[in-house]
Protein chains: 2
Amino acid sequence: MIQKYPSALLENAVNEFAKLPGIGKKTALRLVLHSLKRTPQEVEAFGQAIITLRNEVNYCKVCHNICDDEVCNICSDLSRDPSTVCVVENIKEVMAIENTGQFRGLYHVLGGIISPMDGIGPSDLQLNSLVERVGSGEVKEIILALSTTMEGDTTNFYIYRKLSGFDVKISIIARGISVGDEIEYADEITLGRSILNRTNFKDSLKL
Amino acid sequence: MIQKYPSALLENAVNEFAKLPGIGKKTALRLVLHSLKRTPQEVEAFGQAIITLRNEVNYCKVCHNICDDEVCNICSDLSRDPSTVCVVENIKEVMAIENTGQFRGLYHVLGGIISPMDGIGPSDLQLNSLVERVGSGEVKEIILALSTTMEGDTTNFYIYRKLSGFDVKISIIARGISVGDEIEYADEITLGRSILNRTNFKDSLKL
């Protein structure tokens, strides 16, 4: 359906919104029309928030997480354990793991995973700095927490190979049946892994 | 779930996106992180598009549709019939009706419908200017094309009363079974109306 917009400014705003992932022309129009009901100050605040973020965004020089200073809150938190580093794809995973409250180590944000289909190779990721961090000798354990996809597995293996020369323990987050899931509906690969990687029942009682 | 953001700029941008209707914190974060992968120029264009629209938006002084000039493309189109005016709630309905290609008259955009629950009364809508347009004597027919809700019906009736002193035909868009719908699944009120407002079969063949 070709939409005819009554105003070039409106059309431009709708097209800009429609460039966002998961937002089509109809939703874009709804969002733009909603913006017209807000005050110019509110819309200015909205537009400037994203422009300012993009222009002034800073990445932690240690872990590459987004932050406002040179080093992020997590890396500069002296109460955390710098000998354990959790490797994640993106800042969303940092936030998800932080929300669990189960991890007191530091992170390393790769900024993506190796994905030849999307043209993302090892050189596009923060892999050299990971090797440097491990090389400094402060890190005793690397926890791989990437997606359980082919790309994630590829990246895991690449990192494993890169770090094979160092005296560092490389572990991977447990893969198994989700808490609350019924065995009956679990897929075979997950179920199989959960049996192979079974843990001591007594240990599980402590959680 | 309380999210802890690693950056105040990021948090601000996420909060601004989450103010948009239908966009929660998770989607907002996804959109903001996507913006960080775009160039600063692209993000600037996005932010400025909505700011510029809000600051420079213009409404047609005849029909109150959004436009770039004093009078909109539709009102200034001399090939259209100025004696028929279709009353709609918002610009989205103008676009929907224009897309049908079935209407060659002009519009009148109310900017909403009477909704006491939302605090929207007749004085918040472009009703006086509708009465003025009809009063000028150029309009021969008013077509009411508001939503078939209680608010829509209330507004229809309000307009009907306001225009009762003028020599103008007031019609309402047909309500009936949607094209492609099965009778079996139609609601009773719609089905009842479609029987009461039945049309000549021969006329329907011409469509």
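In case you missed it, the structure is sitting above this.
Anyway, here's the lowdown on the structure attached to this text. Bear in mind the structure is a predicted one, so any value in this text is a computation, not a measurement. (Residues numbered from 1 in each chain as written. Chains lettered and ligands numbered in written order. Predicted model: local features only at pLDDT ≥ 70, side-chain atom pairs only at ≥ 80, totals over all residues. Heavy atoms only, no water.)

## What about the packing of helix 4 (residues 91-100) of chain A against helix 2 (residues 25-36) of chain B?
For clarity, the threshold we go by: Fitting a line to C-alpha atoms yields each axis, with helices limited to the stretch in contact; the angle taken between N-to-C directions then spans 0 to 180 degrees. Helix and strand labels come from DSSP, where a helix needs a run of H or I of at least four residues and a strand needs a run of E of at least two; each type is numbered from the N terminus. Whether two residues touch is decided by their heavy atoms; if any such pair falls within 4.5 Å, the residues are in contact.
Direction vectors running N to C along helix 4 of chain A and helix 2 of chain B enclose 145°, while the axes themselves pass 11 Å from each other. Contacts from A:Ile91, A:Lys92 and A:Met95 in helix 4 of chain A reach B:Leu29, B:Arg30 and B:Leu33 in helix 2 of chain B.

## What to know about the pattern of salt bridges
Once their charged atoms are close, side chains differing in charge can pair, the charge on each being opposite to the other. Residues and elements named next belong to chain B. Our working rule: In what follows, salt bridge is the name for a side-chain nitrogen of Lys or Arg lying within 4 Å of a carboxyl oxygen of Asp or Glu. Think of it in three bands: residues with accessible area under 20% of the maximum for their type are buried, residues over 50% are exposed, and the middle band is partly exposed, with areas taken using a 1.4 Å probe on protein chains only.
Under the counting rule described, the total for this entry stands at 11 salt bridges over all chains. A salt bridge links Arg80 to Glu98; its shortest N-O distance comes to 2.7 Å. Taken together, the residues Arg80 in the loop between strand 2 (66-67) and strand 3 (81-88) and Glu98 in helix 4 (residues 91-100) connect sequence positions 18 residues apart. Overall, Arg80 belongs to the buried group, its relative accessible area being 7%.

## Description of the relation of the copies chain A and chain B
Applicable threshold: C-alpha atoms of residues with pLDDT of at least 70 in both copies form the basis for the least-squares superposition of the copies.
Mapping chain A onto chain B calls for a rotation angle of 180° and an axial translation of 0.0 Å; the resulting RMSD is 0.0 Å. In short, the pair behaves as if placed about a two-fold rotation axis. Closest to the rotation axis within chain A is the C-alpha of A:Gly47, separated from it by 2.0 Å. Of the interface residues in chain A, 100% have counterparts in chain B that sit at the interface too, so the contact is made through matching surfaces.

## Let's talk about the interface of chain A and chain B
Which entries qualify depends on this criterion: For any pair of parts, buried area is found by adding up, for both, the accessible area (1.4 Å probe) each one loses once the two are put together. Polar contacts, as counted here, are pairs of nitrogen or oxygen atoms within 3.5 Å of one another; within protein the pair requires one atom able to donate a hydrogen and one able to accept it, and residues that are adjacent in sequence qualify only if both atoms are side-chain atoms. Classes in brief: Ala, Val, Leu, Ile, Met, Phe, Trp, Tyr, Cys and Pro nonpolar; Asp, Glu, Lys and Arg charged; the others, Gly included, polar.
Each partner contributes to the interface: chain A provides 57 residues, whereas chain B provides 57 residues. A combined buried area of about 5300 Å² lies between chain A and chain B, and 69% of that area is made up of carbon and sulfur atoms. Where chain A touches chain B, the interface holds 0 salt bridges. Between the two partners, chain A and chain B, sit 6 residue pairs in polar contact (both at pLDDT 80 or more). Listing elements by their share of the side of chain A that touches chain B, those giving two or more residues are helix 1 (8-18), helix 2 (25-36), helix 3 (40-56), strand 2 (66-67) and helix 4 of chain A. It is helix 3 of chain A that contributes the most residues to the side of chain A that touches chain B, 16 residues altogether. In the side of chain A that touches chain B, the residues fall into 31 nonpolar, 14 polar and 12 charged.

## Considering helix 2 of chain B
To keep it simple, the criterion reads: One less than the number of residues in a helix, times 1.5 Å, gives the span that helix is expected to have.
Relative to the 16 Å expected for 12 residues at 1.5 Å per residue, helix 2 of chain B spans 17 Å between its end C-alpha atoms, a close match to the ideal helical length. For helix 2 of chain B, the set of buried residues is B:Ala28, B:Leu29, B:Leu31, B:Val32, B:Leu33, B:Ser35 and B:Leu36. Residues of helix 2 of chain B that are buried make contact with helix 3, strand 1 (58-59), strand 2 and helix 4 of chain A together with helix 1 (8-18) and helix 3 (40-56) of chain B.

## Looking at unusual backbone geometry
Residues and elements named next belong to chain A. For His64, which is not glycine, the phi dihedral falls at a positive 70°. One can find His64 in the loop between strand 1 and strand 2. For His64, a relative accessible area of 15% gives the class buried.

## What about helix 3 of chain B?
With 17 residues, helix 3 of chain B ought to run about 24 Å at 1.5 Å a step, and its terminal C-alpha atoms sit 23 Å apart, in line with that. Along helix 3 of chain B, the residues that are buried comprise B:Val43, B:Phe46, B:Gly47, B:Ala49, B:Ile50, B:Ile51, B:Leu53 and B:Arg54. As for helix 3 of chain B, its buried residues are in contact with helix 1, helix 2 and helix 3 of chain A together with helix 1 and helix 2 of chain B.

## Examining the side chain of B:Arg38
Mapped onto the elements, B:Arg38 comes out in the loop between helix 2 and helix 3. Note on B:Arg38: relative accessible area 9%, which makes it buried. Those residues in contact with B:Arg38 that sit more than four places away from it in its chain are A:Glu16, A:Lys19, A:Leu20, A:Arg54, B:Val43 and B:Phe46.

## With respect to the pairing of strand 4 (residues 105-109) of chain B
Residues and elements named next belong to chain B. For clarity, the threshold we go by: Whether two strands pair depends on DSSP finding at least two bridges between them. Handedness of a crossover: with both strands directed away from the viewer, a clockwise path from the first strand across the helix to the second marks it as right-handed.
Where burial is concerned, most of strand 4 is hidden: 5 out of the 5 residues are buried. Direction of pairing for strand 3 relative to strand 4: parallel, over a ladder of 5 bridges. Residue pairing for strand 4: Val85 is matched across the bridge by Leu106. For the handedness criterion, the β-α-β arrangement of strand 3, helix 4 and strand 4 is classed as right-handed.

## Considering the nonpolar core
Side chains of nonpolar character tend, in soluble globular proteins, to be buried together. Worth spelling out the cut-off: Take the buried Ala, Val, Leu, Ile, Met, Phe, Trp, Tyr and Cys residues and link them wherever side-chain atoms come within 4.5 Å; each set so joined is a nonpolar core.
In this structure, A:Leu10, A:Phe17, A:Ile50, B:Leu10, B:Phe17 and B:Ile50 are the most contacted members of the largest nonpolar core, which totals 45 residues. One finds A:Cys86, A:Phe103, A:Leu127 and A:Val134 within the second-largest nonpolar core, a separate group that totals 31 residues.

## Comments concerning the environment of A:Val168
All names here are of chain A. With respect to the helices and strands, the residue Val168 is situated in the loop between helix 6 (150-162) and strand 6 (169-172). Accessibility expressed as a relative area gives 12% for Val168, which makes it buried. In sequence terms Val168 and Val109 are 59 residues apart; their C-alpha atoms lie 18 Å from each other.

## Description of the sheet that holds strand 6 of chain A
Residues and elements named next belong to chain A. Spatial ordering of the open sheet is given by 4-3-5-6, a layout of 4 strands whose pairing is parallel. Every interior strand has two partners, whereas the edge strands, strand 4 (105-109) and strand 6, have only one. The mean angle between the axes of side-by-side strands here comes to 25°, regardless of whether they run parallel or antiparallel. Sheet analysis places strand 3 (residues 81-88) next to strand 5 (residues 141-144), joined by 4 bridges and oriented parallel. Across the sheet, the residue bridging to Val87 is Leu144, located in strand 5. Running at roughly 160° to strand 4, helix 4 makes contact with strand 3 and strand 4 of the sheet.

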